[in-house]
Amino acid sequence: MRIAVLGWGSLIWKPQQLAVHLPFKAGGPPLHIEFSRVSKDGRLTLVIDEQCGTLCPTLYAVSTFGDLLEARENLRVREGMTHVNGVGFVDLKSGEVSVRARERHSGSIEGITDWCRLKDFDAVIWTALASNFAEVTKRAFSADDAIAYLDDLSPGTVHNRSRIHQGSAISSGDAHKDRIHK
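Described in the following lines is the structure provided in the data block. Starting from 1, residues in each chain are numbered consecutively following that chain's sequence as written. At least 70 in pLDDT is required for a residue's local features to be given in this predicted model, at least 80 for side-chain atom pairs to be given and counted, and no such filter applies to totals for whole chains, interfaces and linings, which use all residues. Water and hydrogen atoms were dropped before computing side-chain values, which therefore reflect all heavy atoms in the structure.

**A closer look at the overall build of the protein chain**
No. 1: Helix and strand counts for the protein chain stand at seven helices and eight strands.
No. 2: For this analysis, residues touch if any pair of their heavy atoms sits within 4.5 Å. The long-range fraction of contacts in the protein chain, counting pairs at least 24 apart against all pairs at least 6 apart in sequence, stands at 66%.
No. 3: On the protein chain, roughly 8,700 Å² of surface is accessible, and the fraction owed to carbon and sulfur atoms is 50%. To qualify as a helix, a DSSP run of H or I must reach at least 4 residues; to qualify as a strand, a run of E must reach at least 2; elements of each kind are numbered from the N terminus. Per-residue and other accessible areas follow the Shrake-Rupley method at a 1.4 Å probe size, with only the shown protein chains counted as cover for residues.

**Topic: unusual backbone geometry**
No. 1: For the bond running from L22 to P23, omega is 0°, close enough to zero to count as cis.
No. 2: As for its position among the elements, P23 is in strand 2 (residues 20-26).
No. 3: For Q16, which is not glycine, the phi dihedral falls at a positive 50°.
No. 4: Its place among the elements puts Q16 in the loop between helix 1 (10-13) and strand 2.
No. 5: Even without being a glycine, D120 presents a positive backbone phi close to 65°.

**A closer look at the layout of surface pockets**
No. 1: Residues are said to line a cavity or pocket when one of their atoms sits within 4 Å of a point; the points come from a 1 Å grid over protein atoms alone, cavities being sets where a 1.4 Å probe fits but cannot get out and pockets being open sets with protein on both sides within 12 Å along at least five of seven lines. Grid points are joined across faces, edges and corners, and a volume is the space filled by probe spheres set on the points. Space inside the second largest pocket adds up to approximately 190 Å³.
No. 2: Together, 13 residues line the second largest pocket, and D49, E50, Q51, C52 and S131 are the ones closest to its centre.
No. 3: Looking at the lining of the second largest pocket, the elements with two or more residues in it are helix 3 (99-118) and helix 4 (133-137).
No. 4: Note on residue classes: Ala, Val, Leu, Ile, Met, Phe, Trp, Tyr, Cys and Pro are nonpolar, Asp, Glu, Lys and Arg are charged, and everything else, Gly too, is polar. Class assignment of the residues belonging to the lining of the second largest pocket gives a composition of seven nonpolar, three polar and three charged.

**Describing the pairing of strand 8 (residues 123-127)**
Within a regular strand, side chains alternate between the sheet's two faces.
No. 1: Each residue is assigned to one of three classes by its accessible area relative to the maximum for its type, calculated with a 1.4 Å probe on protein chains only: buried under 20%, partly exposed between the two thresholds, exposed over 50%. Most of strand 8 sits out of view: five of its five residues are buried.
No. 2: Along strand 8, one buried face is formed by A123, I125 and T127 and the opposite face, lined by V124 and W126, is buried too.
No. 3: Of the strand pairs in this sheet, strand 7 (residues 87-91) and strand 8 are connected by five bridges, and their pairing is antiparallel. Considered in strand 8, the bridge of D91 is made with A123. Following DSSP output, two strands are said to pair if at least two bridges run between them.

**What about the sheet that holds strand 3 (residues 31-38)?**
Backbone hydrogen bonds hold the strands of a sheet together, and the pairing may be parallel or antiparallel.
No. 1: Ordered by their spatial adjacency, three strands build an open sheet running 4-3-5, and the pairing between neighbours is antiparallel. The sheet terminates laterally at strand 4 (44-48) and strand 5 (54-56), the two strands that pair on one side only. Across the sheet, the mean angle from the axis of one strand to that of its neighbour is 50°, orientation sign disregarded.
No. 2: Two strands pair when backbone bridges link them, and strand 3 and strand 5 are joined in this way by three bridges, in the antiparallel orientation. Looking at the pairing, L31 lines up with C56 of strand 5. As a rule, the C-alpha atoms of each element are fitted with a line to give its axis, helices using only the stretch in contact, and angles between N-to-C directions run from 0 to 180 degrees.

**Some remarks on the side chain of H105**
No. 1: Tracing the sequence through the fold places H105 in helix 3.
No. 2: A distance of 2.9 Å separates a polar atom in the side chain of H105 from a polar atom in the side chain of W126.
No. 3: The contacts of H105, once residues within four sequence positions are left out, are I48, E50, W126 and A128. Pairs of N or O atoms are called polar contacts if they sit within 3.5 Å, as long as, within protein, a hydrogen donor faces a hydrogen acceptor (for residues adjacent in sequence, only side-chain-to-side-chain pairs).

Below, the structure written as structure tokens:
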């Protein structure tokens, strides 16, 4: 089974134990991506966010695993998720689609599926974590509120603000940098 791993953000520049044939390549499906998830350590991280996100190009790599469950588990471990359900997937062979991805970003599934078919993959996986900015901060997401959130953090946590300003959080994410600066 040939499995693609979609990437944006730190997965690209810090794959760690992710078992893929590097480097990540341009040409993944465009997805609505935004810094709208607050991570466990307080950083803002990029997630698919169909309500607030900006349509951005993504990147992809080929998993070294030929088994979909093993590839999903590998991405789960890399992302520090407690359960493999946080890994979105489309399996063209069985027709199965991740329940969690359908719940969190159903509008992206068709484009991801079409891209997978076009690139001649059997399956594709991605990080399918939800936006939690409003839940954590008690305010709706906006670029201004994201900056205000970062300004309110303790100095040790604010290290990702410079990443936002440098635009390195997603290597193809100039749209994110421009949006945060507006």
